[in-house]
Structure formats: C-alpha cells, structure tokens
Amino acid sequence: MTESLGPDTVGSGAGSTGSVNAQTADYLIEIDDLCLMRGEKVVFDHLSLKVPRGGITAVMGPSGTGKTTLLRVIGGQVRPDSGAVYLNGKDVCRMSRSELFEARRDIGMLFQSSALFTDINVFENVAFPMRVHTDLPEDTIRDLVIMKLNAVGLRGARDLMPSQLSGGRARRVALARAIALDPDLIMYDEPFTGQDPISMGVILTLIRQLNEALGTSSLLVSHDIHETVNIADYVFVLADGKVIGEGPPKALRDHPSRRVTQFMRGDPDGPVPFHYPADDLKYDLLSEDV
Amino acid sequence: MEHVLRRIGAETLRWLQGLGRATMMWAMAVARLPRWSDVSLIVRQVYNIGVLSVVIIVLSGFAIGAVIALQFYTQLARFGAEDAVGVGLALVLLRELGPVVTALLFAGRAGSAITAEIGLMKTTEQLSIMEMMGVDPLRRIVAPRLWGGFISMPLLTVLFNTVAIYGGVVVGIHWLGADPGGFWSGMQNTVELWQDLGKGMVKAVVFGLVVTWIAVFQGYDCEPTAEGMGLATTRTVVMSSVLVLAMDFFLTLLMYGDFR
C-alpha cells in the first residue's frame, strides 16, 4: 500500500486518469497503472507515480526491484505489458519508433556504465549529440563542448580517449554528454555505484548544480541512501513492483511503514528478513539429517 | 519420443524467431536508403571492412594462384598441354575459388571483427545510450556496415582474382616456363564476360550480402556478456563459412544449368 507523506502536488496520488489532463503541466512524467512481467517474475504490479517538473526526484529500493527497468520504460526502450507512461503529456508506450527517437532528444541519460563511445575521444563524445541533432557550425560546437566539459571539470581532458579515464571521470564525461543538448529531463541510473568518496562528492555536487543551473528536472535511481537523501527533493521507494512509500527524504525516515523505514535506515532485519527462509534453528541443530 | 519432438519443435521455433529478428533488422536498416550525411559512415566502413582486409586477400590470392598453376602445370605437362594452364586457372578462379575463398577469408577477418565490434558496443551499453540520445543504431551502426560489406566483398573478389592470376603467371610462366602467348591467348579466347566473370561476381555480391548480414546480426543480437560475445563471433565464422559453401553449390547449379 502506498502511503504518501509529501505535498499534495507531488506523488502517485489517487485519481490519475491515465490520459492527458489539466495536471499534466505540473508533472513531467506520469506513470499510470504500469504492469510488466519478465517470464514468471512480476517487475511492476500496477505501479503509478508522478514526477514533478523541476527539482530532483529519486526512485529508491533494494537491488532487483526494477529501478533501472523503470528508467528504460520511461525512455521507451522497454514496452510494458499494460499501463501508460506520459512524458510531457504524451504516452511513450504508444509512440511510433520515429516519435520515440524525436522525444528522446529532450532526455539526457547517464548510465551506470557511463557507456562512452570507445572509438572516439572525450571531445567527440560530448560533441556527438550536437553533430547528429543540430546543424551548428563547427566553431559553435567547439565552444559548447568546452563549456560542457568545463562544467564537469574535465575541459583539460578533451583529447583523451575513454580508455584513459578513471571510472569517476568517465561518468563525468558521460554527464557532460547527457547535458549536451540542454534536455528537459536528465535520468541518472545508479550514479554513485562504484565511486570513491571524492568522485562521489563530485557527482553529488554536479547533479545538484546542473539541475539548478540548467533548470531541468532530474530523475535519479539509486539504492545509496545517504547520497540520495542529500540531494533529492522527493523520494519514491519501490518494492515488489509497487511504490511502498513516498515523500520528502527526511519524512521517509519516520514513515509508518516498517518496510520503508527498514530500507531508509539500512536495518539488517525487519520485514525483509536477514535469514533466508528455513526451519527453526533448534530443530536444524538437533536433526540428524546431514 | 514426445520429449524429442518437443525439443525439435522448440529449437525450430527458436531458429525461426532468430531468422525473423534478423530479417526485421536487415529490412529496417536498409529500407531507408542512405542520406548524404551517411556517406562518410559508409566510406569509413568500406575502409574498416574492405581496405583492412586487403593484406590477407593479396597474400592468400597469390598463394592460391601459385599452387593452382603448379598443380595444373604438373598434370597438363604429361599431355603436352602446358599452355592450357592459363585457361584452367582463370576458369577455376573466376567461377568458383575467387568468390568462395574471398568470402571465407572475408568472414574470418571482417565478419568476426564486425560481430565483435557491435557485440562490444552492446555489452558496454553504447547502442543503448545511442537509442536514448534519439539516434537510431540501426541507421548509425548497422546500416553503414551492411552497405560497407556489400560494397567491399565484390571489390575484394576482383582483387583476389587479379592477384591469384598474377601468382599463376609467376609460377607457370616465370618459374616453370609455360609459353606466355599460349597462356594469355588461351585465357582470352575461352573466358566469357558474363558466363565466367559476371556469374562469379554475382556469387561475390550474394556472399557479401549474406556474410555481412550474419556478422552484423550476430553482434546486434548477442547476449551482452563476454561469453555471449565469444559465442556470437564463433557463430559468425561457422555460419558464414557453411552457408557460403552451401550457397555456392546451389548458385552454381542455378546459373550454370543442367549438369546431367
């Protein structure tokens, strides 16, 4: 059951009609009654949530709860079995292939693996979206790329190849590429995973600064509680294919649902048990079965 | 028995699904003809697929031409027909060995490289991020490679045939001492433009199309893991080689008429 602690304008809220409505202007993304199965596994079970324009919205939850899949559904890379995903009021699930590619130009995405193009250097990686989608003259592209790289602190690394970058720097280059066309929405897939403390601090600062400087909306998927809580304005907690809790990060620590608080506090035992299901320990110890 | 039938049915369905995906990929990539801006991408692939295969084609062509001339000369000399080396060499190369050996080498060098490159791009999510940037990988990655292979393979076959004939000349004329006049005039009088050269090139075009298609699809459809990539690369070489040899038989049967 979803229990919202947030302001009325934000959240999965009841009454979503699944169609373009007057509230659309307030929300960049509206997910309505989303269902997705992968073989026998239920990934999303009638999931509904709304991501407001502006600010940083985080989707959290234990590993394997479909957080990355959710980003792929929003980007139109995965088609759900049923339900609707409205991006700027248009249903992504019903777009044609060419409409999807058009819509994605307004989305910047940062993958966990950075996914830099390995056959071209840092400069060309950042210039790639500009070259493909615009007719800007070479001088302008050069200036823009330098500005984007400067924003992530890697202007001096523009001639390096991706293989010469550390994981943290590669992610910053990928971030510069994600913001190359000043998108309406930037989606971050586990941006803090595998980062050393310094890189983590740099990425945290960049996400916050870029969101404010560019005036974009950010959707962040992560299971790193402390970092996410520090920068997110609003958090959804997913489990078993549903939103089990939502609200501003601080409020979620005192959420009435024990499942939410266990996750937010990182308790080892609780509704998600520490022990894998098994017989009673005493019975196991006294049993003569080998 | 039921278990065996079920297994055969499942494998057949899996194979048909793969064929369907491969056909869809090919159709979606090639249906839209290249735009002017795509030309540079195709030229780069012609370089990667074609130009970088030149060394192996030249070396193999020379060796095969030389060894065929050696065998022909040894056998024909017993009947005093050494001059026929040129005719035999040209017909064997233009009709059969040229396109077939070039296709086998092409699959081993360029085909495996295409599969590995696209497979790695898929494994490292480069194809996925391209999609998320609003760039169609079928247009940007798949189509230029299909066109590049389609253009390169016939050109490599021409190169292979030329170098192989030169290899035959070096061994047959310069080393073993066959008469150059008989060698060249026999070739000129017997070889026909369409019947020998043209039909051989048809084979080259078909092989180029099929090998590149298999290579691109195996990379595009591979399991995004190291093991999946290795499997896909092996499949490209094995499937291409078997299909080239099988298709060569049927194309020969189809183009050169009734042999009975």
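All values derive from a computational prediction rather than experimental measurement.

Reading the values: rules and limits
- Residues numbered from 1 in each chain as written.
- Chains lettered and ligands numbered in written order.
- Predicted model: local features only at pLDDT ≥ 70, side-chain atom pairs only at ≥ 80, totals over all residues.
- Heavy atoms only, no water.
- Helix = DSSP H or I, 4+ residues; strand = E, 2+ residues; numbered from the N terminus.
- Contact = heavy atoms within 4.5 Å.
- Buried < 20%, exposed > 50% of the residue type's maximum accessible area, 1.4 Å probe, protein only.
- Phe/Tyr/Trp six-rings, centres within 6.5 Å; stacked < 30°, edge-to-face > 60°.
- Lys NZ or Arg CZ within 6 Å of the ring centre and 35° of its normal.
- Buried area = accessible area lost by both parts, 1.4 Å probe.
- Salt bridge = Lys/Arg side-chain N within 4 Å of Asp/Glu carboxyl O.
- Polar contact = N/O pair within 3.5 Å; in protein donor to acceptor, adjacent residues only side chain to side chain.
- Nonpolar A, V, L, I, M, F, W, Y, C, P; charged D, E, K, R; others polar.
- Pairing = 2+ DSSP bridges.
- Axes fitted to C-alpha atoms, helices over the stretch in contact; angles between N-to-C directions.

**Focus: the environment of isoleucine 225 of chain A**
Residues and elements named next belong to chain A.
Phase 1 of the analysis: By the secondary structure assignment, isoleucine 225 is in helix H7 (residues 225-231).
Phase 2 of the analysis: Separated by 164 residues in the primary sequence, isoleucine 225 and glycine 61 have C-alpha atoms spaced 9.2 Å apart.
Phase 3 of the analysis: When neighbours within four sequence positions are excluded, isoleucine 225 is seen to be in contact with Met60, Phe263, Met264 and Gly266.

**Thoughts on helix H1 (residues 67-74) of chain A**
Residue and element names in this part refer to chain A.
Phase 1 of the analysis: The element H1 is extensively covered by neighbouring structure, given that 7 of its 8 residues are classed as buried.
Phase 2 of the analysis: Restricting attention to buried positions, one finds in H1 the residues Lys67, Thr69, Leu70, Leu71, Arg72, Val73 and Ile74.
Phase 3 of the analysis: Immediately downstream of H1, the backbone of glycine 76 shows phi near 80°, a positive value.

**What about the packing of aromatic side chains?**
Phase 1 of the analysis: Per the counting criterion, the structure on display carries 7 aromatic pairs over all chains.
Phase 2 of the analysis: Judged by centre distance (6.2 Å) and plane angle (80°), the rings of tryptophan 147 of chain B and phenylalanine 150 of chain B are edge-to-face. Here tryptophan 147 of chain B and its partner phenylalanine 150 of chain B are both found in helix H6 (residues 137-175), 3 residues apart, which amounts to about one turn of the helix.
Phase 3 of the analysis: Ring geometry for phenylalanine 249 of chain B and phenylalanine 250 of chain B: centres 5.4 Å apart, planes at 80°, overall edge-to-face.
Phase 4 of the analysis: Arginine 177 of chain A extends its terminal NZ or CZ atom over the ring of phenylalanine 117 of chain A, reaching a point 4.8 Å from the ring centre.
Phase 5 of the analysis: Here the guanidinium or amino end of lysine 199 of chain B rests over the ring plane of tyrosine 256 of chain B, the centre of that ring lying 5.1 Å away.

**Comments concerning the interface of chain A and chain B**
One frequent convention defines the size of an interface as the accessible area lost when the parts assemble.
Phase 1 of the analysis: Of the residues lining the interface, 22 residues belong to chain A; the matching set on chain B comes to 17 residues.
Phase 2 of the analysis: Together chain A and chain B conceal approximately 1,800 Å² of surface at their shared face, both sides included; 58% is due to carbon and sulfur atoms.
Phase 3 of the analysis: Where chain A touches chain B, the interface holds 2 salt bridges.
Phase 4 of the analysis: Summed over the shared surface of chain A and chain B, the result is 9 residue pairs in polar contact (both at pLDDT 80 or more).
Phase 5 of the analysis: It is helix H3 (residues 122-133) of chain A that contributes the most residues to the side of chain A that touches chain B, 4 residues altogether.
Phase 6 of the analysis: Class assignment for the residues of the side of chain A that touches chain B results in 11 nonpolar, 5 polar and 6 charged.

**Quick look at the sheet that holds strand E8 (residues 217-222) of chain A**
Residues and elements named next belong to chain A.
Phase 1 of the analysis: What the 6 strands build is an open sheet, ordered E6-E7-E8-E3-E9-E10; its pairing is mixed. Lying at the two open borders of the sheet, with one neighbouring strand each, are strand E6 (107-110) and strand E10 (242-247). The average angle at which neighbouring strand axes cross in this sheet is 15°, direction not considered.
Phase 2 of the analysis: Seen against the sheet, H1 touches strand E3 (56-60), E6, strand E7 (185-189), E8 and strand E9 (234-239) and runs at an angle of roughly 150° to E8.
Phase 3 of the analysis: Helix H5 (residues 167-178) rests against E6 and E7 of the sheet, and its axis sits at about 175° to E6.

**Some details on the pattern of salt bridges**
All names here are of chain A.
Phase 1 of the analysis: Enumeration according to the criterion identifies 21 salt bridges over all chains in this entry.
Phase 2 of the analysis: In this structure, the salt-bridge partner of arginine 131 is glutamate 124, at a minimum N-O distance of 2.9 Å.
Phase 3 of the analysis: Since its relative accessible area comes to 33%, arginine 131 is described here as partly exposed.
Phase 4 of the analysis: Close ionic contact of arginine 131 with glutamate 138 constitutes a salt bridge, the shortest N to O distance being 2.7 Å.
Phase 5 of the analysis: Salt bridges linked by common partners bring Glu124, Arg131 and Glu138 together as one network.

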